[in-house]
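What follows is each chain in one-letter form.
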Amino acid sequence: MKRKLQDFILNIRNKYINYRLFGKKGAQVCPIWFNLDIRIEDIKKGSIEIHDDWSKYMIVIGAKGSPFVAARQPQAKLQFKNGGKLIFNGKCTIAQGCSIFVDGGIFELGKNIYINKNVCVQCMRKITIGDGALFGWNINLRDTDGHIILENGITKETEKEIEIGNKTWVASDCTILKGTFIASNCVVGCNSLVCGKNYSEQHTLIAGSPARVIKKNISWKE
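No experiment lies behind these values; they were computed from the predicted model shown.

Basis of the calculations
- Residues numbered from 1 in each chain as written.
- Predicted model: local features only at pLDDT ≥ 70, side-chain atom pairs only at ≥ 80, totals over all residues.
- Heavy atoms only, no water.
- Pairing = 2+ DSSP bridges.
- Helix = DSSP H or I, 4+ residues; strand = E, 2+ residues; numbered from the N terminus.
- Phe/Tyr/Trp six-rings, centres within 6.5 Å; stacked < 30°, edge-to-face > 60°.
- Buried < 20%, exposed > 50% of the residue type's maximum accessible area, 1.4 Å probe, protein only.
- Lys NZ or Arg CZ within 6 Å of the ring centre and 35° of its normal.
- Contact = heavy atoms within 4.5 Å.
- Salt bridge = Lys/Arg side-chain N within 4 Å of Asp/Glu carboxyl O.

Caption draft 1: Structural detail: the sheet that holds strand β3 (residues 48-50). Taken in spatial order, the 7 strands of this open sheet run β3-β6-β9-β12-β17-β20-β23, and their pairing is parallel. Edge positions in the sheet fall to β3 and β23 (198-199), since each of these pairs with one other strand and no more.

And the structure:
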C-alpha cells in the first residue's frame, strides 16, 4: 500500500514538473522522470530543453546507480539561475546524489549518456558531453574558478568551456576543471585531476593529478 501511494505521488509530481517545463504535451508524455529526492530550484519553461523526439521517461534524474556506492547527500539538487539551461539531445540517466547548478551557462548532454552517483556540476559558461559518454561516481565538473584569481595583479579569466567527446569514459572520483577538452573514445582514469588542457588525440588513457596522456591506442567496452 505504501509503495502504491509513493508511486502515485511520484507520478503526479512528474506530470506537474514536466507540465511546468514543456506545457500540456510535457504532462502527457513525461519525457523526464525525477526521483522524489530531487529538489529543483528556480525551474521554469526553458530551463530544460530536449532536442530529440520525446518518449516517456527517456531521461531519468535520480536513478539508483551502482548499489555499492552511497549517495553523498540525501536530497539531490537541480538549480538554475540567470537563464541557465540544461539541454538533453537524447536518452540520459543521472543517478542519485547529483548536484547540478547552472548559473547563466549551458550544460548540454548528448545521446545515450550514463552518469553514476554524486555528480557535481557547476556551469557558468558551457559544459558539453558527447554521445555515449559514461561517467563513474563522485565526478566534479566545473567550468569556473568560483572566485576571482589575480596573477601579477592582473585578473585571470575565471570561466572557460569544457568539452568531452563521444564515447569517452570518465572513471570514478575525477575532477574536470575549466578549459578542458577531451577527444572522443578516451578513458580518464580514477582520481584524475584534469586541469584545463586540450587532449585532442582519440583513444588515449588520461590519468594522474594533474592528468596527462599515459597510454595510446586505448578503447573500451560497456
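Caption draft 2: Local environment of the packing of aromatic side chains. Under the counting rule described, the total for this entry stands at 3 aromatic pairs. Relative to Trp54, the ring of Phe22 lies with its centre 5.0 Å away and its plane at 55°, an arrangement referred to as tilted. In this pair, Phe22 sits in helix α1 (residues 2-22) while Trp54 sits in the loop between β3 and β4 (59-63), placing the two residues 32 residues apart along the sequence. By relative accessible area, Trp54 is classed as partly exposed at 26%. Both rings, one in Trp169 and one in Trp220, keep their centres 5.8 Å apart while their planes meet at 45°; by these two values the pair is tilted. Pair noted here: Trp169 is in strand β18 (residues 169-170) and Trp220 is in the segment after β25 (211-216), with a separation of 51 residues, a long-range link. Accessibility expressed as a relative area gives 10% for Trp220, which makes it buried. It is Lys25 that lies over the ring of Trp54; its NZ or CZ is 4.8 Å from the centre. Above the plane of the ring of Trp220 lies Lys167, whose end atom (NZ or CZ) is 3.8 Å from the centre.

Caption draft 3: Spotlight on the pairing of strand β8 (residues 99-103). Pairing analysis gives 5 bridges linking strand β5 (residues 76-81) to β8, with the strands arranged parallel. Among the inter-strand pairings, Gln79 is bridged to a residue of β8, identified as Phe101. Where β8 and strand β11 (residues 120-123) come together, 4 bridges link them in parallel fashion. Bridging from a neighbouring strand, Val102 pairs with Cys123 of β11.

Caption draft 4: Representation of the side chain of Ser192 within the structure. Residue position: Ser192 is located in the loop between β21 (187-188) and β22 (193-194). Residue Ser192 is classed as buried on the basis of its relative accessible area, which comes to 2%. Among residues more than four places away in sequence, those in contact with Ser192 are Asp173, Cys174, Thr175, Ile206, Ala207, Gly208 and Ala211.

Caption draft 5: Representation of the pattern of salt bridges. Summed over the entire model, instances satisfying the criterion amount to 8 salt bridges. The shortest N-O distance in the salt bridge between Lys85 and Glu49 comes to 2.9 Å. Separated by 36 residues along the polypeptide, Lys85 in strand β6 (residues 85-88) and Glu49 in strand β3 bring together distant segments of the chain. The class of Lys85 is partly exposed, set by a relative accessible area of 24%. Taking relative accessible area as the criterion, Glu49 reaches 23% and is therefore assigned partly exposed. One salt bridge connects Arg125 with Glu157, and the closest N-O pair in it is separated by 2.9 Å. With a gap of 32 residues between them, Arg125 in the loop between β11 and β12 (126-129) and Glu157 in the loop between β16 (154-155) and β17 (162-164) connect regions that are remote in the sequence. Note on Arg125: relative accessible area 36%, which makes it partly exposed. Linked through salt bridges whose partners overlap, the residues forming this network are Arg39, Glu41 and Lys77.

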